[in-house]
Amino acid sequence: MPSDAEKPFHASEFATLTTRVHREIERRILTGEIKAGEKIGEAALADSLGVSRGPVREAMRTLERSGLVTIIANRGAIVRSIGLDEVVCLYELRGTIFAYACERVARRYTEPMLATLREQVAGMEDAVARDELATYYRLNVEFHASLLEFSGNARARSIYEGVVKEMHLFRRRSLSKVPNVDASLAEHRDIMGAIERRDADAAREAGRIHVVHGCTRFLDTLDGTAVEGRPDDRWAVGATE
């Protein structure tokens, strides 16, 4: 068997390693192991991952394009910090994309798609009844992901996923918690009802309102926090769909 030194070079091996390194660094950022505002030392990180600095450097460039890190000349990569105002803007963008996805699914769903969505909503209902919030949150994420996937627009799905990742850079309060699950679940039922009726306009509105209300519920968990541009009735009615 030839040694590694004798094996012919293949670019896919480097690309695969870079992808794996990127995913691991992204995981550390999104879970808070590497905190917002923290400088990322390429050498130390490469050593901890057991790789050379090349894949780490390439991963940093990808993370910069996705908005998770900022690369500053002569200083290196720093995990982005975002403020509450930016979180609200991201919620608005997220709501627009999610509303579009709900509309698309209502127009084009197949029975297998509908079965998946029904199963996820039923699972969330069961989780609420059993007071299993971790299960509810997992199925909530899966429900949103399914709607984006079933919309058939890969670009919209990619942008949506990027927005959600950026929102995790806001560390004042975990965005993984779901306050007022009963209201959230009722909104999921509204989305499902509109999709099942193939009412694209109602599905779009239900999807948009779900994210608007989700933002309001999140802001309500930030005691005494004031933010310019906080969603109100005007945004709920007049947001770009």
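Everything numeric here is computed off the predicted structure, so don't read it as measured data.

1. Describing the overall build of the protein chain
- Looking only at helices and strands, the protein chain has ten helices and three strands in total.
- Looking at the 241 residues of the protein chain, the share that counts as buried comes to 42%.
- At a minimum sequence separation of 6, the contacts of the protein chain that also span at least 24 residues come to 74%.
- Surface accessibility of the protein chain: about 13100 Å² in total, with carbon and sulfur atoms responsible for 50%.

2. Examining unusual backbone geometry
- A positive phi is found at D131, a non-glycine position, where the angle reads about 60 degrees.
- Locating D131 in the fold gives a position in the loop between α5 (111-129) and α6 (133-150).
- In this structure, R198 is a non-glycine residue whose phi angle is positive, near 60 degrees.
- Examined against the element boundaries, R198 turns out to sit in the loop between α8 (181-196) and α9 (200-220).

3. Remarks on the packing of helix α4 (residues 84-108) against α9
- Two numbers describe how α4 lies on α9: the axes approach to 7 Å, and their chain directions differ by 155 degrees. One element, α4, and the other, α9, form an angle in the roughly antiparallel class. Relative to α9, the crossing made by α4 is right-handed. Contact residues: L84, V87, V88, Y91, R94, G95, F98, A99, C102, E103, A106 and R107 in α4; A200, D201, A203, R204, G207, R208, H210, V211, G214, C215, F218 and L219 in α9.
- Of the residues contributing to the contact of α4 with α9, the split by class is 14 nonpolar, four polar and six charged.

4. Quick word on the environment of I25
- Position of I25 among the secondary structure elements: in helix α1 (residues 11-30).
- According to the relative accessible area criterion, I25 is buried, its value standing at 0%.
- Each C-alpha atom, one on I25 and one on L45, is 8.7 Å from the other, the two residues being 20 residues apart in sequence.
- Apart from residues lying up to four places away in sequence, I25 is in contact with L45, L49, V56, A59, M60 and L63.

Calculation criteria
- Residues numbered from 1 in each chain as written.
- Predicted model: local features only at pLDDT ≥ 70, side-chain atom pairs only at ≥ 80, totals over all residues.
- Heavy atoms only, no water.
- Helix = DSSP H or I, 4+ residues; strand = E, 2+ residues; numbered from the N terminus.
- Buried < 20%, exposed > 50% of the residue type's maximum accessible area, 1.4 Å probe, protein only.
- Contact = heavy atoms within 4.5 Å.
- Areas by Shrake-Rupley, 256 points an atom, 1.4 Å probe, with all protein chains shown as cover.
- Axes fitted to C-alpha atoms, helices over the stretch in contact; angles between N-to-C directions.
- Parallel < 35°, antiparallel > 145°, perpendicular 65-115°, else oblique.
- Left-handed = near helix turned anticlockwise from the far one by under 90°.
- Nonpolar A, V, L, I, M, F, W, Y, C, P; charged D, E, K, R; others polar.

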